[in-house]
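# Structure at a glance
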Amino acid sequence: MKVLEAAFLKGYARMATDGFLQGWHERNGGNFTYRLKDEEAEAVREDFSENAPWQRIGWQEDDHSVFPGLAGEYFLVSGSGKYFRNIETDPAANVCILQLNETGDLFRIVWGLTEGGRPTSELATHLANLEVCKERDPELRVVYHCHPANIIALTYVLPLDSRVFTREIFEMATECPIVFPEGIGIVPWMLCGGQKIGEATAELMKKQDVVVWAHHGAFCCGRDFDLAFGLMHTVEKAAEILVKVMSMSAYKLNTIKPDQFRELNAPFGIRINEDFLYEKKDGRIGCMPEE
Ligand code: 13P
Ligand code: ZN
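Cut-offs used in this document
- Residues numbered from 1 in each chain as written.
- Chains lettered and ligands numbered in written order.
- Predicted model: local features only at pLDDT ≥ 70, side-chain atom pairs only at ≥ 80, totals over all residues.
- Heavy atoms only, no water.
- Helix = DSSP H or I, 4+ residues; strand = E, 2+ residues; numbered from the N terminus.
- Rg over C-alpha atoms; globule rule 2.2 N^0.38 Å.
- Buried < 20%, exposed > 50% of the residue type's maximum accessible area, 1.4 Å probe, protein only.
- Contact = heavy atoms within 4.5 Å.
- Areas by Shrake-Rupley, 256 points an atom, 1.4 Å probe, with all protein chains shown as cover.
- Lys, Arg positive; Asp, Glu negative; His and termini not counted.
- Charge placed at Lys NZ, Arg CZ, Asp CG, Glu CD.
- Salt bridge = Lys/Arg side-chain N within 4 Å of Asp/Glu carboxyl O.
- Donors = N, O, S within 2.8 Å, 3.2 Å for Na, K, Ca; no water.
- Phe/Tyr/Trp six-rings, centres within 6.5 Å; stacked < 30°, edge-to-face > 60°.
- Axes fitted to C-alpha atoms, helices over the stretch in contact; angles between N-to-C directions.
- Parallel < 35°, antiparallel > 145°, perpendicular 65-115°, else oblique.
- Left-handed = near helix turned anticlockwise from the far one by under 90°.
- Nonpolar A, V, L, I, M, F, W, Y, C, P; charged D, E, K, R; others polar.

### What about the overall build of the protein chain?
Each helix and strand counted, the protein chain has 11 helices and 9 strands in total. Its C-alpha atoms give the protein chain a radius of gyration of 20 Å, within 12% of the compact-globule value 19 Å for 291 residues. By its C-alpha atoms, the protein chain is 65 × 40 × 35 Å across when sized along the principal axes. By the burial criterion, 55% of the 291 residues in the protein chain qualify as buried. In the protein chain, once contacts between residues fewer than 6 apart in sequence are set aside, the share between residues at least 24 apart is 73%. Put simply, the protein chain shows about 13000 Å² of open surface, and 52% of that area lies on carbon and sulfur atoms. Each charge class in the protein chain can be summarised by its mean position, and for the 30 positive and 44 negative side chains these summaries are 3 Å apart.

### Topic: the pattern of salt bridges
Tallied over the full model, the rule gives 19 salt bridges. One salt bridge in this structure joins D137 and R223, with 2.9 Å as the shortest N-O distance. One end of the pair, D137, is in the loop between α5 (123-136) and β6 (142-146); the other, R223, is in the loop between β9 (217-222) and α10 (225-248), with 86 residues separating them in the sequence. With a closest N to O distance of 2.7 Å, E171 and K280 form a salt bridge. Separated by 109 residues along the polypeptide, E171 in the loop between α7 (162-170) and α8 (175-179) and K280 in the segment after α11 (258-268) bring together distant segments of the chain. Salt bridges here are not isolated pairs; linked through shared partners, they connect R167, E168, E171, K252 and K280.

### Let's talk about the coordination of the zinc ion (ligand 2)
The protein atoms that coordinate the zinc ion (ligand 2) are H145 (NE2), H147 (NE2) and H216 (NE2), at distances spanning 2.1 Å. All donors of the zinc ion (ligand 2) come from a single chain, and their spacing in sequence reads H-x1-H-x68-H. The same class applies to H145 and to H147, which are both buried.

### Considerations on the packing of aromatic side chains
Here the structure, examined in full by the defined rule, presents 14 aromatic pairs. Seen in terms of ring centroids, F32 and F84 are 6.4 Å apart; in terms of plane orientation they differ by 25°. Their pairing is stacked. Residue F32 is located in strand β1 (residues 31-35), and its partner F84 is located in helix α3 (residues 84-87); the two are separated by 52 residues in the primary sequence. Taken individually, F32 and F84 each receive the classification buried, so the pair is uniform in this respect. When the ring of F170 is compared with that of F276, the centres are 5.6 Å apart and the planes differ by 75°; the resulting orientation is edge-to-face. Placement of F170 in helix α7 and of F276 in the segment after α11 is noted, with a sequence separation of 106 residues between them.

### Structural notes on the packing of helix α1 (residues 7-21) against α10
The N-to-C vectors of α1 and α10 enclose an angle of 15°; their axes lie 10 Å apart at closest approach. It follows from the interaxial angle that α1 and α10 lie roughly parallel. Crossing geometry of α1 relative to α10 is assigned as right-handed. Between α1, through F8, G11, Y12, M15, D18 and G19, and α10, the contact on the second element is made entirely by F225, A228 and F229. Broken down by class, the residue content of the contact of α1 with α10 amounts to 6 nonpolar, 2 polar and 1 charged.

### Quick word on the side chain of Q195
By secondary structure assignment, the location of Q195 is in helix α9 (residues 195-205). Looking at Q195, the relative accessible area reads 19%, which means it is buried. Look past the residues within four positions of Q195 in its chain and what remains in contact with it is D62, D63, H64, S65 and A124.

In structure tokens:
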């Protein structure tokens, strides 16, 4: 089978368009990886070329990322500088499939980027995330990065504290703690495109499905394209509501209370992390748990 006919390629391209239509991918903003199942790689192997050189993972001189947990695997990865709006119309020019070597420290492109280029500058973060995600759930295959305006806006006005950020988002929609009961991780502003921010993000993704990069964007993971896209959509929708609420008032008159969140646990088969269910003195938005 040709890569262009494969269901995983079509699902990936559709999600890229969905993200673009949400306004999350200005210019070349965002990047996106999918770890292929063995049978998916096998089905399109006839389309792979093994002539490309093995390359180091990392853009910066001192970066040397190694991912033994992903050794030998294949990944569908967006190209650096490529625009999400073009992925569905010409996937072969805008994305690639790459393979990691048997020690997980080098990659080679086996398909795609037909007009040249290289994988996303955030490759180290994607692989670091995929490695820790695979460890906690072997079916977690999608890692997605985008630039959603409301999530980013909140990183200027909320404390960059996972407890506060998560709690304020949770209060904006009952479905939030059901969809991501482990909450949102926060990486303070760091230089993007390298190993250090990748390690900081993956440390949080060991437990959390969503990680916000302050003043930049967000990462999420999922078992499939629907779950990853739906997760980002849910967080960004709640962030949009919070932006509206904060534009009206610094205080909430009404909200969902900690004991009401706890009521969700049994019926929805979840266990909302208690770190987010602290008592608040009043309705001021963004107050720290100890205030
Ligand atoms: P790339 O074009 O290299 O994927 O970079 C886009 C981006 O969002 C960087 O964080
Ligand atoms: Zn980005």
